[in-house]
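Summary of structural features
Read off the chains here:
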Amino acid sequence: MSTRDDEIADFSRQLIEVDGVVKTVYVAGSGPAVVVMPEMPGISPDVLRLARWVQDAGFTVYVPSLFGIDGAYPTADGGSEVVRRACVSAEFRAFAGGGTSPVTVWLRGLARQAHAECGGPGVGAIGLCFTGNFALTMALEPEVIAPVVNHPSLPLDDPAGLELSDEDARAIRDRVDRDGLSVLAYRFDNDRWCTGQRFAAYRALLGDAFDGRVLPGGCAKTDPPPFFREVVETPHSVVTAHLVDEDGHPTVEARDEILGYLTNRLLPAD
């Protein structure tokens, strides 16, 4: 990894405990809470840029540190080592057959605490890459009412897998039926880590509640950080590493759609 490229000075660095487990969480803003989870291999400046956009839209953002070096652009070698460690960590279920990642229990507790602190109708959750599906799993918590699933990459060895236990999948389907939960999701059409098979599996589970949007890979940023060029090797991170920050660009439109989705669900109309 490189040294820290973003000092994250505009966030409050908090140590938050859930069920005896303490993690670092970066918090900023005001308004209803939105948990912005890092993409592999960490809280990069691109992830922080997204969090700041969410903050500017009228929310309190919570960015939990789950892996990697906070604030660093990932190098190819350093990022690969973070992936290797995460794949053998007891907190994550990176491969098919593992069921739901245990870290999502901690993230659900974070959502409960964030809602208690911030109020509003509920909490938003944005998952990215390795954490993409965690936004959906967090919806097992009734406080989470706006999950955004971005290019979910787990399980790594099953393109049609959802990184969910059967029991949790049924519980999420029950929330859809009972509460009218909807799920917004994004991927690039030629992403080899998040394929059409995975989105089809979401659709099979969630039906019309799954709003899966697919962007052409040809519009992805062509010069992302080294980890994405040399390890990911495919258009992948729609609103972070592969976003092209130009007005009217499809990735910026996706970002604005996400902000609109959060606004519609979390900010009361005047």
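Description of the structure in this document. What you see is a predicted model; the values in this text were computed from it and never measured. The residue numbers shown here count from 1 along each chain, following its written sequence. A pLDDT threshold of at least 70 governs which residues receive local features in this predicted model, and a stricter bar of 80 or more applies before side-chain atom pairs are shown or counted, although totals over entire chains, interfaces and linings include all residues. Calculated side-chain values reflect all of the structure's heavy atoms, with hydrogen atoms and water omitted.

Time to look at the overall build of the protein chain. Under the DSSP-based scheme used, a helix requires at least four consecutive residues in state H or I and a strand at least two consecutive residues in state E, with every element numbered from the N terminus. For the protein chain, the count of helices and strands is 8 helices and 8 strands. The C-alpha atoms of the protein chain give a radius of gyration of 17 Å, which matches the 18 Å a tight globule of 270 residues would have. C-alpha atoms of the protein chain, sized along the principal axes, occupy 45 × 40 × 40 Å. Throughout, exposure labels follow a simple rule: accessible area from a 1.4 Å probe, protein chains only, divided by the maximum for the residue type, with under 20% read as buried, over 50% as exposed, and the rest as partly exposed. Here the protein chain, with 270 residues, has 57% of them falling under the buried criterion. Contacts in the protein chain between residues at least 24 apart in sequence constitute 74% of all its contacts with a sequence separation of at least 6. The Shrake-Rupley method, run with a 1.4 Å probe, gives the accessible areas here. Residue values count only the displayed protein chains as cover. Approximately 10,500 Å² of the protein chain is accessible, and the part contributed by carbon and sulfur atoms is 47%. To get the radius of gyration, use the C-alpha atoms; to get the globule rule, take the number of residues to the power 0.38 and multiply by 2.2 Å. By definition in these notes, contact holds between two residues if any of their heavy atoms fall within 4.5 Å.

Turning our attention to the pairing of strand β3 (residues 33-36). Alternating residues of β3 divide into Ala-33 and Val-35 and Val-34 and Val-36, and every residue in both groups is buried. In this structure, β3 lies alongside strand β4 (residues 60-64), joined through 3 bridges in parallel fashion. Residue pairing across strands places Ala-33 opposite Thr-60, the latter belonging to β4. Pairs of strands are assigned from DSSP output, requiring at least two bridges between the strands. Bridge count for β3 against strand β5 (residues 123-128) is 3 bridges, and the pairing is parallel. Following the sheet pairing, Val-36 is matched in β5 by Ile-126.

Quick look at the nonpolar core now. We define the nonpolar core as a collection of buried residues of types Ala, Val, Leu, Ile, Met, Phe, Trp, Tyr and Cys that are connected through side-chain atoms lying within 4.5 Å of one another. Among the nonpolar cores identified, the biggest contains 55 residues, and Tyr-62, Leu-107, Phe-130 and Leu-206 are the most heavily contacted of them. It is helix α3 (residues 103-118) that contributes the most residues to this core, 6 residues altogether. Sequence-distant contacts of Phe-130, that is, excluding residues within four places in its chain, are made with Met-40, Phe-67, Ala-86, Phe-92, Ala-94, Ser-153 and Leu-154. Membership of the second largest hydrophobic core comes to 36 residues, among which are Ile-8, Tyr-26, Ile-126 and Val-148.

The criterion for an aromatic pair is that two Phe, Tyr or Trp rings (for Trp, the six-membered ring) have centres within 6.5 Å, with stacked assigned to planes under 30 degrees apart, edge-to-face to planes over 60 apart and tilted to the rest. For the structure shown, the criterion picks out 8 aromatic pairs. Measuring from centroid to centroid gives 5.2 Å for Phe-199 and Phe-210, while their planes differ by 90°, and the two rings are edge-to-face. Of this pair, Phe-199 sits in helix α6 (residues 196-206) while Phe-210 is found in strand β8 (residues 210-215), placing the two residues 11 residues apart along the sequence. In this structure, Phe-199 and Phe-210 share a single accessibility class: buried. Relative to Phe-210, the ring of Tyr-202 has its centre 5.2 Å away and its plane inclined at 10°; by these criteria the two rings are stacked. Accessibility expressed as a relative area gives 0% for Tyr-202, which makes it buried. An aromatic cluster is built from Phe-67, Phe-92, Phe-130 and Phe-134, whose rings are joined through pairwise contacts.

With respect to the helices and strands, the residue Gly-127 is situated in strand β5. The class of Gly-127 is buried, set by a relative accessible area of 0%. C-alpha separation for the pair Gly-127 and Thr-104, spaced 23 residues apart in sequence, amounts to 11 Å. Excluding residues that lie within four positions of it along the chain, Gly-127 makes contacts with Met-37, Gly-132, Ala-135, Val-148, Val-149 and Asn-150.

By convention in these notes, a salt bridge is any Lys or Arg side-chain nitrogen within 4 Å of a carboxyl oxygen on Asp or Glu. Counted according to the given criterion, the structure contains 16 salt bridges. Across the salt bridge formed by Arg-192 and Glu-233, the nearest N and O atoms sit 3.4 Å from each other. Taken together, the positions of Arg-192 in the loop between β7 (183-188) and α6 and Glu-233 in the loop between α7 (226-232) and α8 (250-266) put the pair 41 residues apart, joining distant regions of the chain. Take Arg-192: its relative accessible area is 47%, and that puts it in the partly exposed class. Via salt bridges that share partners, Asp-6, Asp-10 and Arg-52 belong to a single interconnected network.

Looking now at the sheet that holds β3. Strand order in this open sheet of 8 strands is β1-β2-β4-β3-β5-β6-β7-β8, and the pairing throughout is mixed. Edge positions in the open sheet fall to β1 (12-18) and β8, since each of these has one partner strand only. Taken over all neighbouring pairs, the strand axes of this sheet differ in orientation by 20° on average, direction set aside. Note that strand β6 (residues 144-150) and β7 share 3 bridges and pair parallel. Considered in β7, the bridge of Val-148 is made with Leu-184. Against the sheet, α3 touches β1, β2 (21-29), β3, β4, β5 and β6, its axis set at about 115° to β1. Angles run from 0 to 180 degrees between N-to-C directions of axes, and those axes are lines fitted to C-alpha atoms, restricted for helices to the stretch in contact.

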